[in-house]
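The residues making up each chain are set out below.
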Amino acid sequence: MRRASTLASSVLSRTLTPTLHEGGALSTINHRFLLVALYSTTSNTGSSHSRRIFNPFSSSLGVAGALVSAAAAASLSQDVLAKEPPRAELVPKEVVLYQYEACPFCNKVKAYLDYYDIPYKVVEVNPISKKEIKWSDYKKVPILTVDGEQLVDSSAIIDKLRNKIHGKEIVESASDKDDDEEIKWRRWVDNHLVHVLSPNIYRNTSEALESFDYITSNGNFSFTEKITVKYAGAAAMYFVSKKLKKKYNITDERAALYEAAETWVDALNGREFLGGSKPNLADLAVFGVLRPIRYLRSGRDMVEQTRIGDWYTRMENAVGESARIKA
Ligand SMILES: N[C@@H](CCC(=O)N[C@@H](CS)C(=O)NCC(=O)O)C(=O)O
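Residues numbered from 1 in each chain as written. Predicted model: local features only at pLDDT ≥ 70, side-chain atom pairs only at ≥ 80, totals over all residues. Heavy atoms only, no water.

As a packed pair, helix H12 (residues 281-290) and helix H14 (residues 308-319) sit with axes 11 Å apart at the nearest point and diverge in direction by 100°. Considering their axes alone, H12 and H14 lie roughly perpendicular with respect to each other. Note on element contacts: H14 touches H12 through Ile308, Trp311, Tyr312, Met315, Glu316 and Val319, opposite Asp283, Leu284, Val286, Phe287 and Leu290. Of the residues assigned to the contact of H12 with H14, the class counts are nine nonpolar, no polar and two charged. (Axes fitted to C-alpha atoms, helices over the stretch in contact; angles between N-to-C directions. Helix = DSSP H or I, 4+ residues; strand = E, 2+ residues; numbered from the N terminus. Parallel < 35°, antiparallel > 145°, perpendicular 65-115°, else oblique. Contact = heavy atoms within 4.5 Å. Nonpolar A, V, L, I, M, F, W, Y, C, P; charged D, E, K, R; others polar.)

In structure tokens, the structure reads:
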């Protein structure tokens, strides 16, 4: 195993040395650290079709995490909505998701797979070596293989899956107006909402440490590596998040998060979901990207300070059990 100092300097040099590729230098900086940070967690956290309420505090805050989960579970039992599994013959035989556990784009795909009850295996990618995706020319996650076919880019993956497993039914039942609305809000998730998240989870030293504590508690690090990555990562991401704020014209990150949450509730316009009585792809996208931060300080603040909580709980109920199966 590499020594902690080597690991830290490798992580830092990768993180702080921008390279030019899609998304630009700053996004590379952001991603590299997020990989080692929120996105780098263990691969064996899922269980076969067991109800899974995502709660990053379950390991680090023990009783508090259990209480949050218990409250959510109680609400689930009162109001469990039917999922929408595809016809059996349309369910792919083998679906594998290459991911970082807390990556918002990966979580979008997982929300879709969970909601539609499509069993999938997860391969957790090492963010530094990326050896698990060496076989692919595409160097980001998520990558989804569906019966051997490689799909990349979260929104494109979801579109292709929808065509494969639901195709006509959904396309024919939706009006153009519904389609336009769904497309508009899916774009809003990719172009706006995801950019508000990093400045919030690394907003100050304590939140940056909270985020890295979650990562290092769940990631595959030795004791020394944990300490090094936790403190070096938190410090670096604190500064990177300031740059991200500038890049995306965010002056007050919490205000931007609350505004995004309120904007979303306004878009619902009194409906249970954007899709009406059932979630559509925009509901699943918003839910997916918020899921990794929901029980961090920023997510808790968001639910306390805005009207998004009721919709979020409805989504937890609707998405329900994870369809993930053990590799
Ligand atoms: N547009 C892509 C973005 C994917 C993306 O940026 N993934 C990040 C992790 S959240 C990544 O793999 N970054 C690796 C890198 O930039 O080297 C999608 O929606 O899937």
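That shown, we press on.
The next point concerns the packing of aromatic side chains. Tallied over the entire structure, the rule returns eleven aromatic pairs. Relative to Tyr116, the ring of Tyr112 lies with its centre 4.7 Å away and its plane at 45°, an arrangement referred to as tilted. Using a relative accessible area of 1% as the deciding quantity, one classes Tyr112 as buried. Residue classification places Tyr116 among the buried residues on the basis of a relative accessible area of 4%. Pairing Tyr202 with Phe212 gives two aromatic rings, centres 5.7 Å apart and planes at 50°, and the pair type is tilted. Here the residue Tyr202 occupies a position in the loop between helix H8 (176-201) and helix H9 (205-218), and Phe212 occupies one in helix H9, the gap between them amounting to ten residues. The class of Tyr202 is buried, set by a relative accessible area of 0%. (Phe/Tyr/Trp six-rings, centres within 6.5 Å; stacked < 30°, edge-to-face > 60°. Buried < 20%, exposed > 50% of the residue type's maximum accessible area, 1.4 Å probe, protein only.)

Next up on the list: helix H11 (residues 253-268). Spanning 16 residues, H11 covers 23 Å between terminal C-alpha atoms, matching the ideal 22 Å at 1.5 Å per step. Listed as buried for H11 are Glu253, Arg254, Ala256, Leu257, Ala260, Ala261, Trp264, Val265, Ala267 and Leu268. The opening residue of H11 is Asp252, an N-cap whose side-chain oxygen sits 3.1 Å from the backbone nitrogen of Arg254. Phi turns positive one or two residues past the end of H11, at Asn269, with a value near 50°. (Expected span 1.5 Å × (residues − 1). Polar contact = N/O pair within 3.5 Å; in protein donor to acceptor, adjacent residues only side chain to side chain.)

This paragraph deals with the pairing of strand S1 (residues 95-99). With five of its five residues buried, S1 lies for the most part within the structure. Here S1 shows a buried face lined by Val95, Leu97 and Gln99 and a second buried face lined by Val96 and Tyr98. Of the pairings in the sheet, the one linking S1 to strand S3 (residues 143-146) comprises four bridges and is antiparallel in character. Pairing of Tyr98 across the sheet is with Ile143, part of S3. Here S1 runs beside strand S2 (residues 121-124); their pairing, made up of four bridges, is parallel. (Pairing = 2+ DSSP bridges.)

The next point concerns unusual backbone geometry. The step from Val141 to Pro142 runs through a cis peptide bond, and the omega angle for that step is 5°. Mapping Pro142 onto the fold places it in the loop between S2 and S3. Of note, the phi angle at Asp117 is positive, near 55°, even though the residue is not glycine. In this fold, Asp117 is placed in the loop between helix H5 (104-115) and S2. Unlike most non-glycine residues, Asp147 shows phi in positive territory, near 45°. Structurally, Asp147 is set in the loop between S3 and strand S4 (149-152).

Take the side chain of Gln99 next. Relative to the helices and strands, Gln99 resides in strand S1. The exposure class assigned to Gln99 is buried, which follows from its relative accessible area of 0%. In this structure the side chain of Gln99 is engaged in a polar contact, spanning 2.9 Å, whose partner is the side chain of Glu101. Sequence-distant contacts of Gln99, that is, excluding residues within four places in its chain, are made with Cys106, Lys110, Val122, Val123, Glu124, Val125, Val141 and Arg324.

Read across the open sheet, the four strands follow the order S2-S1-S3-S4; overall the sheet is mixed. Of all the strands in the sheet, just S2 and S4 have a single pairing partner and so form its edges. Pairwise comparison of adjacent strand axes, ignoring direction, gives a mean angle of 20° for this sheet. In the sheet, S3 pairs with S4 via four bridges, with the strands oriented antiparallel. Bridge pairing in S4 places Val146 opposite Glu149. Along the sheet, helix H6 (residues 154-165) makes contact with S3 and S4, crossing S4 at roughly 130°.

Looking now at the nonpolar core. Core analysis: the largest hydrophobic core is formed by 63 residues, its most contacted members being Tyr112, Leu144, Trp264, Leu284, Leu290 and Trp311. Among all residues touching Trp264, those that are not within four sequence positions of it are Trp185, Trp188, Leu274, Ala282, Asp283, Val286, Ile308 and Trp311. (Core = buried A, V, L, I, M, F, W, Y, C linked by side-chain atoms within 4.5 Å.)

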